Amino acid sequence: MQQSQSSKTPKRPLQLRDANQTDLSAWRKKGRTEPEKSVQDHQSPNDQKNDNEEDSLKQAFRYFEEVQDRVSLKNSILQEHLTTVESVALQRGLPPEGFNVLLNVALSGKFADTVNTRILKSLVPASVIPEDSVVSSVSWLCVGKCSGNVQLLFLKWLITVFDFIDQKEQLNALYGFFFSFLQDEKMCPFVCHLLYLLTRKENVKPFRVRRLLDLQAKMGTQSYLQALLSVYKLFCPELVTITLPRKMKAYFRDPEGPWKAAINTVRQRNQGNTQVSRSLFLGTAQPQSQKRKWNTQISIPASSTNKNNLEEDREKECVDLYSTNESFPVEQLQTFSQLVQNIHCLEFPSQMGSVLTNPLLLHYMNCFRDESVDLRLYYWMNQTLQQECTWCVADNSQYEEEFKNFLETLYETECFLQEGFSSCEEFLYKSLPLWDGFCCRSQILRFVSWIPLRSSSEIKSHLYGPLAQLFFTSSVYFKCSVIESLKELLQNWLNCQVTHLDSESDSEGHSSNTTLSGLVNMVAELINFVGRISTVALRLESSHTLLLHFILDFYETVCDMYLRYDLPLLIMPPPGVFYAALLSMDSVNLNQLCYIMYRYRTNLVTAKENELSKKKILQFKFSNQTYQEYNKYLTAMVGCLWTSNAFQKDIHPQGISMDDELLRKTTVPDFKTSFNIVCHPALMTYAFFYLQQAFPDDTTVDFSLIKGKEWNRYLEYLYLQGLNGLKVFIESSVNRISQASHSKSENV
Amino acid sequence: MAVLRPFNKLPELNSAVLLLVGSEGDFPQKLAETILQEKRDFTVNIHIATSLPLPSERDHLRPRIDMIVFMIDIKNKHSLKNVEDSLAHVDARFFLGKVCFLVTGVGRVNCCSVDMNAVWKLGENYCSPVLFCELELEGTRVSTAQRLLRMLQICAGYVPGVSALYFNTLMTSFS
C-alpha cells in the first residue's frame with residue numbers, strides 16, 4: 001500500500017484537479033478516431049460537443065463534491081448535473097476520477113433515495129474504477145447513512161463491476177466488514193457473491209466457517225452459501241468438513257441491474273473508435289492479451305497480481321530478481337525466457353480467467369498442475385459460460401458474436417493445453433439438450449472434441465442422446481460437422497492414451513476409467529455410436545457423398561488404432577457404411593474405402609503375427625469375429641472390383657448376394673460384369689476416358705475391350721489418376737499371379 | 001369429442017399436414033410462418049389449434065394429419081396441463097412416431113414455472129421425442145422450423161426407407 005492515499009479522502013479530486021484535467025482530456029480523446037488529430041481540428045462540431053460535455057461533466061463533479069446540505073429533489077441545478085452524469089455515463093462511461101465523488105454522494109445520504117439510486121445506476125466505468133473510491137464507499141456503508149435499498153444496489157453494482165476495479169489489495173483488507181453484512185438477510189446472497197469473488201486463502205478462518213455453517217443451519221441450504229463454502233473448502237479443505245455438491249446448477253443469481261448493458265455499449269463504442277485504448281487505459285493490462293478478446297463483452301480480465309508496488313518492482317527488476325523472495329508480477333512477464341528465469345517465484349493472477357489469453361501463463365499452468373488452480377479456473381468459467389450462454393439466456397442474444405469469441409478462446413486454450421476443461425464439458429452437457437444446433441455451431445461442436453476421457457456414464461446420456469437427436473433432425477452439413485468433431489474426439493482420446501502409456505509410471509490420481517480396459521470400452525462405445533448414427537444418416541440423406549466422405553474419414557482413424565496408437569481394438573464399419581461406400585457413385589469414396597480396407601488388413605496381419613509369435617504377452621487379442629467380418633467384406637470387395645462376381649460370392653448377411661434367377665429377372669444385360677474395376681459406377685468415367693485414349697479411332701465405347709494386357713494398362717492408368725487407395729488395396733489384397741485372381745485372406 | 005386418427009383418411013399427393021397444438025400467444029402462428037418459408041419439395045399444410053379435440057363439424061374437410069406437434073411453454077404452467085388434456089383426444093397409433101413435444105421458452109429458464117421432469121416424463125410415457133427451443137429468437141425459430149420440417153417429411157413418408165416409427169425409435173433410443 002505504498003502509494004495509496006488514506007482511504008477516506010473526500011477532498012482528493014479537488015486537490016488533484018490539475019492531474020484530473022489531463023486525465024479527463026485523455027479520456028475524452030479515447031472517444032475519437034484519431035487521438036493525435038485532436039489539436040488540429042479543434043473547431044469541428046464534434047469536438048465542440050465533446051468539450052462541452054467534458055466541461056459540464058467537470059462541473060457536475062465539482063457540484064457533487066461541494067454540495068453540503070440536503071438539496072431538494074426539485075432543485076434544477078441538481079437535476080441538470082444529474083442528467084449530465086447520466087447521459088455521459090451511458091454514452092461513454094465515467095472517467096476513473098468520477099467514482100470517488102459520485103460514490104461519496106450516493107452513499108452519504110445527502111440526497112433523497114431516488115437521487116442516490118440514479119447516481120448509482122449511472123456508475124458505468126469507461127476504463128477502470130480506482131480502488132480507493134470503492135474503499136471509501138464501503139466505509140460509508142458501515143456508517144449506515146444510506147437506506148437498505150441503496151446498500152443493496154451498491155452491492156449489486158460492486159459485483160457487476162468487480163473486474164473493473166484496478167486493484168483489490170485494500171478491498172480485500174475489508175473482508176471482515178463485508179463478512180459482517182452476511183447477517184442481513186436481504187443482502188446475504190449478494191454479500192456471498194462478493195465474498196466469493198474476493199476470498200483468498202488467508203481470508204478463510206475457522207470462525208468464518210462456523211458462522212457460515214450457522215447461517216446455513218438457520219436459512220437452509222442456499223446455493224450462495226454453498227458456493228462460498230465450496231471456495232472455503234477449496235482453500236482450506238481441513239476447515240470445511242461437510243460435503244458439498246461438486247456440481248451446482250447456478251451458484252448465484254445474476255445481480256442484474258442496468259450496468260451490464262451500459263458497460264457493453266460503452267465498450268463497443270470505445271472499441272469501434274480506437275485501437276489503442278485498452279492498454280492505455282488499463283495501465284496494468286499485459287500487452288500480450290491486448291491483441292484479441294480484450295474488448296469483448298465477456299471480459300477475460302487482464303492479469304494483475306495483488307501488488308501495489310509495481311513501480312518499485314520495475315526498478316528492482318534488473319538488479320536482483322534472483323535473490324528476491326517476492327513473487328514476480330505477472331504483468332511484467334512478457335517473454336519465454338522471463339518465464340523460465342522466474343518460474344520459481346511466479347504467482348497466478350488474482351483473476352484466473354486472465355491466463356486464457358496469456359500463453360506464457362498457460363505454459364506455467366501446464367508445468368504446475370495444482371488442483372486449486374484448476375478449480376479456480378473451473379469456477380470462473382462455469383459462471384461465465386452459464387451467464388453468457390446465448391441460447392440459454394434469451395436476453396444475451398445480441399451478444400452472440402462475443403460469446404462466440406469467448407468459446408473460441410476457450411477452445412484455443414484447450415488445444416494449447418491439449419486437454420479439455422471440465423467446466424466446458426459440463427456446460428456442453430447442460431446446454432446441448434437446449435441447443436438449437438445453429439447458434440455458435442462450430443464452437444460448440446469443437447468443444448465436443450475435447451471432452452475428457454474420464455466420464456464414461458455421463459457421456460452416454462448427456463452427449464450421445466442429445467447429439468443424436470440433433471443429428472437426425474438437422475441438415476446434412478450439420479451431420480458432417482458432428483462426425484468430424486467426433487473424429488477429433490476419438491483422436492484426442494487416442495493421443496491422450498498414448499501419452500498416458502508413455503508416462504505410466506507417474507500415474508497417480510487416475511480414475512479407473514483410464515485403465516486400458518476402461519479406455520478400450522469407451523473408445524469402442526464411441527465408435528459403435530458413430531457407426532450407428534452413420535448408418536442412419538446415410539439412409540436419411542440417401543448416401544450423400546460428402547457425408548460419406550466424413551464418415552470414411554472417421555474410419556480412417558479407426559482402422560489404424562492398433563498400429564498407430566497401440567490400442568488393442570479394431571472395429572469394422574457397419575454394413576450400412578461399408579456397402580454405401582463400396583457401391584457409391586463417387587470414386588473418392590471408393591478410393592477411401594480401399595485405403596481403409598488396406599489399413600485394416602495391415603493392422604490385422606500385424607496383430608495376428610504378434611499373436612502367433614507371442615513376442616508380447618497380449619492382454620487382449622482380437623476376436624475371430626473381427627477377422628471373419630473383415631474377410632466377408634474383403635470377399636465382397638474383390639468380387640465387386642476384380643472378379644465380377646459380387647452377386648455370387650458375397651457372403652455377408654447384409655450384403656448384395658443375389659440369385660442368378662432373380663438377377664435374370666431384372667433383365668439387365670451382362671449383370672455379371674456390371675461390377676468390376678471397369679464397370680463400377682464410380683470408375684466408369686475413368687474407363688471411358690481410358691478407352692478414348694487407348695482406342696481413339698473406336699467411337700463405339702466397348703468396355704469389354706479392357707481385358708488381359710489392356711486391363712493391366714488400365715490399372716496403371718487408374719493409379720496415375722491418383723487413386724492411391726485403390727492401388728494399395730489391389731496390390732495387397734488381390735493375388736495377381738494367376739489371372740483369375742482370388743482373395744488372399746488371412747488364415748483365420 | 002372426436003378422437004384424432006392418423007389413418008382414417010387418404011393422404012394427398014405430394015403434400016404433408018402438420019398440426020400445431022399450443023396456446024402460447026402468437027408463437028404457433030410465427031412458427032408456422034417460418035416453416036412455410038423454408039425450402040422444400042412438397043406442399044406443407046399447417047393447422048393450428050389451441051387445444052384438442054378439434055371441432056367435429058368441419059372434420060370431413062380436414063385432410064389427414066401426418067404429424068402433431070404439442071407446444072409446451074415453460075413459462076406458462078397452464079400450457080403443460082393443456083397439452084396433457086389434449087393428449088387424451090389423440091389416437092394411440094399417432095404415438096407410433098407421429099407426435100413430437102416442442103418445449104419453448106428455454107431462453108428464460110429463470111422464469112420456468114413448469115416441472116421439467118414432468119416434461120421429460122411426458123415424452124417418455126408417450127414414446128415421443130422432446131425438442132427444446134426458444135421461439136423468441138429468430139435464428140432458433142428458423143432452425144427449429146427446419147428440424148420439424150425434416151420430421152414431417154419422414155412422417156409423411158417422403159424419405160424412402162425411413163418410416164415414422166423407425167425414426168421415432170431412433171430419436172428416443174439414444175438417450
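See the structure above.
Residues numbered from 1 in each chain as written. Chains lettered and ligands numbered in written order. Predicted model: local features only at pLDDT ≥ 70, side-chain atom pairs only at ≥ 80, totals over all residues. Heavy atoms only, no water.

Caption draft 1: Molecular detail of the overall build of chain B. Helix and strand counts for chain B stand at 5 helices and 5 strands. Shown N-terminal to C-terminal, the secondary structure of chain B runs as helices and strands in the order β-α-β-β-α-β-α-β-α-α. Scored against the burial criterion, the 175 residues of chain B give a buried share of 53%. (Helix = DSSP H or I, 4+ residues; strand = E, 2+ residues; numbered from the N terminus. Buried < 20%, exposed > 50% of the residue type's maximum accessible area, 1.4 Å probe, protein only.)

Caption draft 2: Representation of the overall build of chain A within the structure. Of the regular secondary structure elements, chain A holds 36 helices and 0 strands. For chain A, the proportion of its 748 residues judged to be buried stands at 55%. Intrachain contacts of chain A at a sequence separation of at least 6 include 73% that bridge at least 24 residues. Of the accessible surface of chain A, which amounts to about 33200 Å², a share of 52% is contributed by carbon and sulfur atoms. (Contact = heavy atoms within 4.5 Å. Areas by Shrake-Rupley, 256 points an atom, 1.4 Å probe, with all protein chains shown as cover.)

Caption draft 3: Looking closely at the interface of chain B and chain A. Taken residue by residue, the interface counts 29 residues in chain B and 28 residues in chain A. When the two sides are added together, the surface that chain B and chain A hide from each other amounts to roughly 2300 Å², 62% of it contributed by carbon and sulfur. Summed over the three residues of chain B that lose the most area to chain A, namely Arg147, Arg150 and Phe174 of chain B, the buried surface amounts to 29% of that side. Where chain B packs against chain A, one counts 0 salt bridges. Seen at the junction of chain B and chain A, the total is 4 residue pairs in polar contact (both at pLDDT 80 or more). Where the side of chain B that touches chain A is concerned, the elements lending two or more residues are strand E5 (130–133), helix H4 (138–155) and helix H5 (164–173) of chain B. (Buried area = accessible area lost by both parts, 1.4 Å probe. Salt bridge = Lys/Arg side-chain N within 4 Å of Asp/Glu carboxyl O. Polar contact = N/O pair within 3.5 Å; in protein donor to acceptor, adjacent residues only side chain to side chain.)

Caption draft 4: A look at unusual backbone geometry. In this chain, Leu52 of chain B is followed by Pro53 of chain B through a cis amide linkage whose omega measures 0 degrees. As for its placement among the helices and strands, Pro53 of chain B is situated in the loop between strand E2 (43–49) and strand E3 (67–73). Residue Cys440 of chain A is not a glycine yet carries a positive backbone phi of 50 degrees. Note that Cys440 of chain A resides in the loop between helix H22 (422–431) and helix H23 (441–448). The phi torsion at Asp566 of chain A lies on the positive side, around 60 degrees, for a residue other than glycine. In this structure, Asp566 of chain A sits in the loop between helix H28 (561–565) and helix H29 (575–582). On the basis of relative accessibility, which here comes to 45%, the residue Asp566 of chain A falls in the partly exposed class.

Caption draft 5: Expanded view of a nonpolar patch on the surface. Together, Phe688, Phe689 and Val701 of chain A line one region of the surface with nonpolar side chains, adding up to about 250 Å² of accessible area. Mapped onto the elements, Val701 of chain A comes out in the loop between helix H34 (684–694) and helix H35 (709–720). (Patch = residues over 30% accessible without salt bridge, like charges linked within 9 Å, V, L, I, M, F, W, Y side chains within 5 Å.)

Caption draft 6: Up close: the pairing of strand E4 (residues 99–104) of chain B. Residues and elements named next belong to chain B. Most of E4 sits out of view: 6 of its 6 residues are buried. Neither face of E4 is open: one carries Val99, Phe101 and Val103, the other Cys100, Leu102 and Thr104, and all of them are buried. With 6 bridges joining them, E3 and E4 adopt parallel strand pairing. Its bridge partner being in E4, Ile72 is matched across the sheet by Val103. The handedness of the E3 to E4 crossover, carried by helix H2 (residues 77–87), is right-handed. As a crossover connection, the stretch from E4 through helix H3 (residues 116–125) into E5 is right-handed. (Pairing = 2+ DSSP bridges. Right-handed = clockwise from strand over helix to strand, strands pointing away.)

Caption draft 7: Layout of the packing of aromatic side chains. Throughout the structure, instances matching the rule amount to 26 aromatic pairs over all chains. A centroid spacing of 6.2 Å and a plane angle of 75 degrees characterise the contact between Phe403 of chain A and Phe427 of chain A, whose relative ring orientation is edge-to-face. Taken as a pair, Phe403 of chain A in helix H21 (residues 400–417) and Phe427 of chain A in helix H22 lie far apart in primary sequence, 24 residues in all. In this pair, the class of Phe403 of chain A matches that of Phe427 of chain A, namely buried. The rings of Phe70, Phe95, Phe101 and Tyr126 of chain B are connected pair by pair, giving a single aromatic cluster. One residue, Arg208 of chain A, lies across the ring of Phe179 of chain A, its end atom 5.5 Å from the ring centre. One residue, Lys608 of chain A, lies across the ring of Tyr627 of chain A, its end atom 4.4 Å from the ring centre. (Phe/Tyr/Trp six-rings, centres within 6.5 Å; stacked < 30°, edge-to-face > 60°. Lys NZ or Arg CZ within 6 Å of the ring centre and 35° of its normal.)

Caption draft 8: Spotlight on the side chain of Thr473 of chain A. Within the fold, Thr473 of chain A resides in helix H24 (residues 456–473). Setting aside residues no more than four positions away along its own chain, Thr473 of chain A makes contact with Gln146, Arg147, Arg150, Met151, Phe167 and Met171 of chain B.

Caption draft 9: Region of the structure containing the pattern of salt bridges. All names here are of chain A. Inspection of every chain in the model, using the stated rule, returns 16 salt bridges over all chains. For Asp560, the salt bridge is made with Arg599, and the minimal N-O distance between the two is 2.9 Å. On the criterion of sequence distance, the pair formed by Asp560 in the loop between helix H27 (545–558) and H28 and Arg599 in helix H30 (residues 587–613) is long-range, its members being 39 residues apart. What makes Asp560 buried here is its relative accessible area of 2%.

Caption draft 10: Looking closely at the sheet that holds E5 of chain B. Residues and elements named next belong to chain B. Read from one edge to the other, the open sheet built from 5 strands follows the order E2-E1-E3-E4-E5, with strand pairing classed as parallel. Only two strands of the sheet have a single neighbouring strand rather than two, namely E2 and E5. Ignoring strand direction, the axes of neighbouring strands in this sheet form an average angle of 25 degrees. Sheet strands in contact with H3 are E3, E4 and E5, and its direction is about 140 degrees off that of E5. (Axes fitted to C-alpha atoms, helices over the stretch in contact; angles between N-to-C directions.)

Caption draft 11: Here's a closer look at the pairing of E5 of chain B. All names here are of chain B. Of the two faces of E5, the one carrying Val130 and Phe132 and the one carrying Leu131 and Cys133 are both buried. Of the strand pairs in this sheet, E4 and E5 are connected by 4 bridges, and their pairing is parallel. Bridge pairing links Phe101 to Val130 in E5.

Caption draft 12: Quick peek at the nonpolar core. Residues and elements named next belong to chain A. Judged by nonpolar contacts, the single largest core of 202 residues is most densely connected at Trp391, Phe472, Ile677 and Tyr714. The element that contributes the greatest number of residues to this core is helix H26 (residues 516–540), accounting for 14 residues. Once residues lying within four places of it in the same chain are set aside, the contact partners of Tyr714 are Ile677, Val678, Leu683, Tyr686, Ala687, Tyr690 and Ile706. Among the nonpolar cores identified, the runner-up in size contains 85 residues, and Phe178, Val191, Leu194 and Leu228 belong to it. (Core = buried A, V, L, I, M, F, W, Y, C linked by side-chain atoms within 4.5 Å.)

Caption draft 13: Layout of the state of the cysteines. All names here are of chain A. Per the stated rule, a full pass over the model turns up 0 disulfides over all chains. In this structure Cys439 is not part of a disulfide, and its nearest cysteine sulfur, from Cys440, lies 3.8 Å away. Relative accessible area serves as the criterion here: at 7%, Cys439 is assigned to the buried category. (Disulfide = S-S within 2.5 Å.)

Caption draft 14: Structural view of the packing of helix H6 (residues 113–121) of chain A against helix H8 (residues 148–160) of chain A. Residue and element names in this part refer to chain A. Two elements in contact, H6 and H8, have axes separated by 10 Å at closest approach and are oriented at 0 degrees. With respect to each other, H6 and H8 are oriented roughly parallel. On H8, the residues touching Asp113, Asn116, Thr117, Leu120 and Lys121 of H6 are Val150, Leu153, Phe154 and Trp157. (Parallel < 35°, antiparallel > 145°, perpendicular 65-115°, else oblique.)

Caption draft 15: Molecular detail of H6 of chain A. Of the positions making up H6 of chain A, those classed as buried are Val115, Asn116, Ile119 and Leu120 of chain A. Summarising the axial view, the buried residues of H6 of chain A lie within an arc of 130 degrees, below the 170-degree limit, and thus occupy one face. (Arc of directions from axis to C-beta.)

The analysis is restricted to geometry; functional conclusions fall outside its scope.
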